[in-house]
Amino acid sequence: MTALTARERLLLTAALAVEDAKALAAWQEWSSAIAMEAAPHAELRILPAVHARLARIRPLPSLPQKLIGTARATFTQNSILAAAAYDLLRALDTAGVPVLVSKGFTHCLQFQSFARRTMGDIDITVWESALDRALEVLKAEGWEPCYGMTWAALRSRVRIRRESWNFTKGAGNIDLHWRVSNDPREAWLEDAVWREARTVAFRGLPVLVPSPEASLLAALRHAAHGLSSDVMQMVVDTPDWLARADRTRFLDIAERAQVGKTYEIMRSTLQEVGADTALPPLSGSASTPHWPLAREDGLVRHPRIYRLWAALGHPAAIERPLLRWLGPLSRPLQPLAAQQDKIDLRDCATVDAVGGPGWGWPEPEHTCCWADRADARLLLPLPARADQWLVLVLGPNHANGPNPGFRVFANGHEIARGGDDGRTAVLLPIRAHMLHGAWVELAIRPVRYADERRDSLHHRRTIAASRIEILDPDRLVERLSEMPPGGLARDILNGDERKAAKLGRIRQKMAASPDRQNDALPTGFDGLAYVLAYADLFEHEVDPYHHYLNHGREEGRRW
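What you see is a predicted model, and the numbers here were worked out from it, not measured in a lab.

Undergrad: Before we go on, may I ask you to explain the sheet that holds strand β11 (residues 376-381) in this structure?
TA: In a beta sheet, neighbouring strands pair by backbone hydrogen bonds and run either parallel or antiparallel. Read from one edge of the open sheet, four strands run β11-β16-β13-β14, paired in antiparallel fashion. If you trace the sheet from one side to the other, it starts and ends with β11 and β14 (413-418), each paired once. Within this sheet the neighbouring strands show an average axis-to-axis angle of 25°, counted without direction. As paired elements, strand β13 (residues 406-410) and β14 share five bridges and run antiparallel to each other. Residue F406 lies in a different strand from β14, and its bridge partner there is G418. Across the sheet, helix α15 (residues 316-326) touches β11, β13, β14 and β16 (439-446), and the angle it forms with β16 is around 160°.

Undergrad: Whenever I open this one, a nonpolar patch on the surface confuses me. Can you help?
TA: Side chains of I305, W325 and L326 sit close together on the surface and give an oily, nonpolar patch of about 320 Å² of accessible area. Mapped onto the secondary structure, W325 falls in helix α15. W325 gets classed as exposed once you look at its relative accessible area, which sits at 64%.

Undergrad: Help me understand unusual backbone geometry in this model?
TA: Leaving glycine out, the prevailing phi sign among residues is negative, and the prevailing peptide bond configuration is trans. For Q258, which is not a glycine, the phi torsion comes out positive at approximately 55°. Residue position: Q258 is located in the loop between α12 (247-257) and α13 (260-273). Phi is positive for N411, close to 50°, though the residue is something other than glycine. Relative to the elements of secondary structure, N411 occurs in the loop between β13 and β14.

Undergrad: What exactly am I supposed to notice about the pattern of salt bridges here?
TA: Between side chains of opposite charge, a pair can form as their charged atoms come close. For the structure on display, the rule yields 40 salt bridges. Among the ionic pairs, E43 bridges to R7, the shortest N-O distance being 2.9 Å. In this pair, E43 sits in helix α3 (residues 41-44) while R7 sits in helix α1 (residues 6-16), placing the two residues 36 residues apart along the sequence. On the basis of relative accessibility, which here comes to 2%, the residue E43 falls in the buried class. As a salt-bridge pair, E37 and K66 come within 2.7 Å of each other at their nearest N and O atoms. Residue E37 is located in the loop between α2 (20-33) and α3, and its partner K66 is located in helix α5 (residues 65-94); the two are separated by 29 residues in the primary sequence.

Undergrad: What is the right way to look at the packing of α5 against helix α7 (residues 131-140) in this model?
TA: Two measures define how a pair of helices packs: the angle their axes make with one another and the distance between the axes. Contact geometry of α5 with α7 gives a least axis separation of 10 Å together with a crossing angle of 135°. Our classification of the angle between α5 and α7 gives oblique. Here the hand of the crossing between α5 and α7 comes out right-handed. Counted together, L88, A91 and L92 of α5 and A134, V137 and L138 of α7 form the full contact between these two elements. Looking at the contact of α5 with α7 residue by residue, the class counts come to six nonpolar, no polar and no charged.

Undergrad: How should α13 be read in this particular structure?
TA: The first and last C-alpha atoms of α13 sit 20 Å apart over 14 residues, in line with the 20 Å expected at 1.5 Å per residue. Taken together, the buried residues of α13 touch α1, α2, α10 (212-224), α11 (228-244) and α12. Two residues or fewer past α13, G274 is found with a positive phi of approximately 85°.

Undergrad: I would appreciate a short explanation of the environment of V351 in the present structure.
TA: By the element assignment, V351 lies in helix α16 (residues 348-354). A residue is classified by how much of its surface remains accessible, and V351, at 4% relative accessible area, is buried. Leaving out residues up to four positions away in the same chain, V351 has contacts with R157, L345, W359, P362 and C369.

Undergrad: How do you make sense of the pairing of strand β5 (residues 172-177) when you look at a structure like this?
TA: Two faces, one strand: in a regular strand the side chains alternate between the faces of the sheet. Within β5, six of the six residues are buried, leaving the element largely enclosed by the surrounding structure. Bridge analysis of strand β2 (residues 122-126) against β5 gives four bridges, and the strand direction is parallel. Note on β5: the bridge partner recorded for I124 is L176. Taken together, the six bridges between strand β4 (residues 164-169) and β5 define a ladder with antiparallel strand orientation. Looking at the pairing, W165 lines up with L176 of β5. As consecutive antiparallel partners, β4 and β5 are separated by two residues, and within that stretch G170 has a phi angle of approximately 60°, a positive value.

Undergrad: Sorry, what's going on with the nonpolar core here?
TA: One recurring pattern in soluble globular proteins: nonpolar side chains tend to sit buried together. Among the nonpolar cores identified, the biggest contains 57 residues, and W27, W30, V50, M234, F250 and Y263 are the most heavily contacted of them. Ranked by residues supplied to this core, first place goes to α11 with seven residues. If sequence neighbours within four positions are ignored, W27 has contacts with L11, A14, M36, L47, V50, L54, P64 and L67. In this structure, L89, A91, L135 and W178 belong to the second largest nonpolar core, which totals 43 residues.

Rules used throughout
- Residues numbered from 1 in each chain as written.
- Predicted model: local features only at pLDDT ≥ 70, side-chain atom pairs only at ≥ 80, totals over all residues.
- Heavy atoms only, no water.
- Pairing = 2+ DSSP bridges.
- Helix = DSSP H or I, 4+ residues; strand = E, 2+ residues; numbered from the N terminus.
- Axes fitted to C-alpha atoms, helices over the stretch in contact; angles between N-to-C directions.
- Contact = heavy atoms within 4.5 Å.
- Patch = residues over 30% accessible without salt bridge, like charges linked within 9 Å, V, L, I, M, F, W, Y side chains within 5 Å.
- Areas by Shrake-Rupley, 256 points an atom, 1.4 Å probe, with all protein chains shown as cover.
- Salt bridge = Lys/Arg side-chain N within 4 Å of Asp/Glu carboxyl O.
- Buried < 20%, exposed > 50% of the residue type's maximum accessible area, 1.4 Å probe, protein only.
- Parallel < 35°, antiparallel > 145°, perpendicular 65-115°, else oblique.
- Left-handed = near helix turned anticlockwise from the far one by under 90°.
- Nonpolar A, V, L, I, M, F, W, Y, C, P; charged D, E, K, R; others polar.
- Expected span 1.5 Å × (residues − 1).
- Core = buried A, V, L, I, M, F, W, Y, C linked by side-chain atoms within 4.5 Å.

As structure tokens, this is what we get:
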């Protein structure tokens, strides 16, 4: 949870201080410190609430036009989101899917705060048992999963790892939740949220909303894992919810949910900014979530055999005869249309076609797909039952994961190790004697992954895979002959520590580069390939995005 800055505290004072003079003084100090158009997102998000407070002190015409404009823009944007959500809520109601609306939309409905409470999306929750029906309604109504997510992955991989996903349709944005919490120890909270929900009217349509106590708790929990903008919004929303909440009931569930750390930040901040609230401290601290691994039986051809083998510790000596007798263990969600030489694991549809158990979902920035199990499997068709060379390319954030080192097995034969040595690619030799047909099943297993009962999804992350290239021996020789003098890629793959360290520093520059998402870059521009193709760029550790835009394009360098 991000600590609040002095300027952010000034804005909270301007939005919440009971004393008019204190609110005005805070606003004047903030507005003299920064131009409104230069303010960061976290501060801009609170300006509509500041406008609402100042409008009760000063005549509206005396307020800055830009501040008035933020309130009008907030009202317009929220109205557009609500209009798009209305048709979906009506369709879900017609389909008999129970729906609970929550977070910012609940606040807007109950306090008519469409002009003073920003919403990036509309949060709705359905029963997990009704998720498949809800997805069918979303698809029929023309909504699409965000970030290239596929419907098949949502139904199988994502639903057991996450509690929500976003969907868009035109200007609409829905965050669909199917659990209140991923932690099985909080089944009581799931039950309480639905049992204590109440009905309000949204354009004549009855919808369920959480109780004020549950809404307050949801704001605290969201802020605990969010940025400063989430903390500020939680603080701004709290006085409204407290005015309607049963404080004894709220303190009881807050104690039980162990949100003491976030609660104390909220309580002390409200006191500091002069809001009209008085809350006692909680004795409980923040809880450690416990998210046990759900089974991925739908991604395995022989679930019972696979579970027994996994319980034995994934022994390769047993894996080899299993694959020889039973064929591949993985059962991808979709068939791969045809054998491909380049398999892009940043694309969800591709992961559906080659991924077995162990994989999550591609990153929204399309940099990689993370695995999160002790055994992550890929079923790859090959051009022939013959010697092959594969190159596994890692995502840019792989080294930052909690379990970077891994071993790679091909049909139960260990063929490579990598991930914790600075290399961004690992060469995978596939020998004909390992194959049982024109396919290979890769299993990627972390070197240090002692306990699959780790508390969070983040701690279970193992490999960040970007893509796999399949090369036969002739093409491998061709690729090696195309490499620049010095054989940078070859040296790095072979473990040259100095060059691997250089590459690590270049990757850090790439991750922080302001030009990374520049629209002027060619479609498909590969920064690593570009910098490895030119020894001078590699030696000087340039930012490849910046260099190509400012020099390489004019110099005619190939990318």
